[in-house]
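Close look at the chain arrangement
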Amino acid sequence: MVLGPQLNCPLLSFSSIEPPPLPLYTEEVILLSLSSANNNYFKNQTFTIPTFRNMVKNNMGFFAKTNSVHGDVFSVTPPNESDVDYLGQSTKGDLNLNLEHLQAFGIDGNAALEGPIEEVARTEAREAEGLLKHLGIPSPSSSRNSPRGIFCSRTLNLRSISAIGYDMDYTLIHYNVMAWEGRAYDYCMEKLRNRGFPVDGLAFDPDLVIRGLVIDRERGNLVKADRFSYIQRAMHGTKMLSTRAVSEMYGRELVDLRNESRWVFLNTLFSVSLAVAYMQMVDRLDGGAILPDLGPLDYEGLYKAVGEAVFQTHVEGHLKSEIMSKPEQFVEPDPQLPLALLDQKEAGKKLLLITNSDYHYTNKMMQHSFNRFLPNDMDWRDIFDIVIVSARKPEFFQMLHPLYEVVTDEGLMRPCFKAQTGGLYSGGYAQMVEKSLNVRGDEILYVGDHIYTDVSQSKVHLRWRTVLICRELEEEYNALIHSQSHRESLVELINQKEVAGDLFNQFRLALQRRSKNRPAQTPAATNMNDEDLTESMQKLLIVMQRLDEKIAPMLEADGNLFNLRWGFLSRAGLWDKSHLMKQIEKYADIYTSRVSNFLNYTPFMYFRSAEQNLAHDSY
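Named according to an unreviewed UniProt entry, the protein is Putative 5'-nucleotidase originating from Lupinus albus. Of the protein, the UniProt comment under Sequence similarities (unreviewed entry) reads exactly: "Belongs to the 5'(3')-deoxyribonucleotidase family."

This is how it looks when you write it as structure tokens:
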């Protein structure tokens, strides 16, 4: 219940410097009934009387301003006056308090900051958390600790970003993998059947593969490597290989993605249909089902045949025509996504769409995915300053291709030399975009789902900041949470074996020294009789062997909640990172599961990278 009368005080009408007198209430709360329609933030909010007095006293300059949030009280750091902060990030776009303006009204901006700044900050942080909770807004820290979090590899000040570019497929638009890749698989298999390949009885199985695996075209294997490029798991055809078989086959061999004639990195969900089809056909090749009249095929030749079938599926247009005719069967809608982009646009970011898809497909998919969720009868084109279709990435970031303007709804084009705001174009190149927007390098953030085509090339060649979209993160995050007790039990057993092993090794060393007529490590170890020493070693060896029998299957099962064959997306073993995770950390400044996750962070977020633990950290 609200105690005391309402205080009617239009937020923008204060003209005096002193706050209006408030009667002394014994009650602790007062309801502000603010009549300004431009300040819904404060309407019907409940504050303590001391809090309200301080708000009025210390924010008179804010109350006195007329319209703009920036007004005379705040100023935005322009590019030509920006600096770098203590973390090396640009201060461009930061909002600054105009102290001279406050002083002109006789207001001391530091008056409320009494006491050591550490204590003031601690109090303010508690109050900020409380107010966020009261307003129903999740804090960045709580958003980060969720499946929908945005995770930071390299510190990024979003305020300093002037332009944000987006890929479309599996970035702005997420497809139902079973539907989209399943149909791509069907088209691929039909083409293989027409060439005489035995495909009867095969079905699409997306659980056979996960993103981040590597096809070994030489051996017909699918492998998972760790961050050091050593292979930890492997599948030949559709059969997983034992740990011993993997060690014997790849013990001294590293995955080298620069050798594109052998290794094929599955770094996007578009690779799923290719990998499933290839591994199934390896089984058919090994089983002798592929007839000799197709020619002498090895695993590399088989990969070329499957790859050509998949390529034809994508370029001939039948698959995309089917998707355009019934997009609701293939696209998973995200109503929050257009709102996240609107926040960025209204914050002054220039938004770009840069996609390899053609105009007709792009227009149909974007209309279906965006228009129904946009306010005020907006069209998807209204969001973007520049739209580029048929971009031919990764060449878009590497080479100079001609630019064409799309001038009709039928997709007719004419050559042009410079992109203009609001324009729709085909082709072109990244440096042209920089010149058209008068921004470059780390002022541009590019968001995509393909590590090579989108993320690594824009960073390596142009030093753009980057975001990787990986929808599987949500499933992996939840799987990690539910695997916590399993992993804790596993770590406990490993630690027990390590302690037993340390003692066993010391006994072994003592025995070795005795055999050479030298004293053991300590007088007590030297005086231990041979019988006790041998008996203790036997017992410890049995304990360790029994632990191994328990640990091995638990290690094998680690990650089963995500994928039974390959384990977690980001891990290769209990503690090590996968090769995919290494690529993400190397090339993506931040990564997340979907673009709409930006809604929880505001367009002004300062993403700070997490602490990187080192082997010699002492705490």
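A separate point is helix α9 (residues 299–315). Compared with the 24 Å implied by 1.5 Å per residue over 17 residues, the 24 Å span of α9 between its first and last C-alpha is a close match. Regarding α9, the residues found buried are Gly301, Leu302, Tyr303, Ala305, Val306, Ala309, Val310 and Thr313. Residues of α9 that are buried in the fold lie against α6 (177–194), β10 (214–216), β14 (263–265), α8 (272–286) and α10 (318–325). Backbone geometry just after α9 places Gly317 at a positive phi near 95°.

In this section: the pattern of salt bridges. For the structure on display, the rule yields 33 salt bridges. Among the ionic pairs, Asp94 bridges to Arg159, the shortest N-O distance being 2.7 Å. With a gap of 65 residues between them, Asp94 in the loop between β4 (74–76) and β5 (95–97) and Arg159 in the loop between β7 (156–157) and β8 (163–166) connect regions that are remote in the sequence. By relative accessible area, Arg159 is classed as partly exposed at 25%.

Next up on the list: the nonpolar core. Formed by 109 residues in total, the largest nonpolar core has its most connected members in Leu172, Leu341, Phe384 and Phe607. Broken down by element, the residue count for this core peaks at 10 residues, all from α8. Taken together, domain 1 (177–327) and domain 2 (473–568) each give at least three residues to this core, which thus spans both. If we ignore the near neighbours within four places in the chain, the residues touching Leu172 are Tyr166, Asp167, Leu337, Leu341, Leu353, Met366, Phe370, Phe384 and Val595. The next biggest cluster of nonpolar side chains, apart from the first, holds 21 residues, and it includes Ala163, Phe396, Leu403 and Tyr446.

The mixed open sheet is built from 10 strands, whose spatial order is β6-β23-β22-β21-β8-β16-β17-β20-β18-β19. The open sheet terminates on both sides in strands that have one partner only, identified here as β6 (150–152) and β19 (413–416). Averaged over all neighbouring strand pairs, the angle between strand axes comes to 25°, with direction disregarded. As paired elements, strand β17 (residues 386–389) and strand β20 (residues 423–427) share four bridges and run parallel to each other. From the neighbouring strand, Val387 faces β20, where its bridge partner is Leu424.

To continue, consider the environment of Ala588. Looking at the element boundaries, Ala588 is found in the loop between α20 (579–587) and β23 (590–592). The class of Ala588 is buried, set by a relative accessible area of 2%.

The subject of this paragraph is the sheet that holds strand β11 (residues 221–225). The strand order across the open sheet built from five strands is β13-β12-β11-β10-β14, with neighbouring strands paired in antiparallel fashion. Unpaired on one side and paired on the other, β13 (239–240) and β14 mark the two borders of the sheet. In this structure, β11 lies alongside strand β12 (residues 231–236), joined through five bridges in antiparallel fashion. Each residue of the ladder has a partner; that of Ala225, found in β12, is Ile231.

The rules behind these values
- Residues numbered from 1 in each chain as written.
- Predicted model: local features only at pLDDT ≥ 70, side-chain atom pairs only at ≥ 80, totals over all residues.
- Heavy atoms only, no water.
- UniProt positions renumbered as here; feature names shortened; annotations may be inferred.
- Helix = DSSP H or I, 4+ residues; strand = E, 2+ residues; numbered from the N terminus.
- Expected span 1.5 Å × (residues − 1).
- Buried < 20%, exposed > 50% of the residue type's maximum accessible area, 1.4 Å probe, protein only.
- Contact = heavy atoms within 4.5 Å.
- Salt bridge = Lys/Arg side-chain N within 4 Å of Asp/Glu carboxyl O.
- Core = buried A, V, L, I, M, F, W, Y, C linked by side-chain atoms within 4.5 Å.
- Domains from an automatic or database assignment.
- Pairing = 2+ DSSP bridges.
- Axes fitted to C-alpha atoms, helices over the stretch in contact; angles between N-to-C directions.

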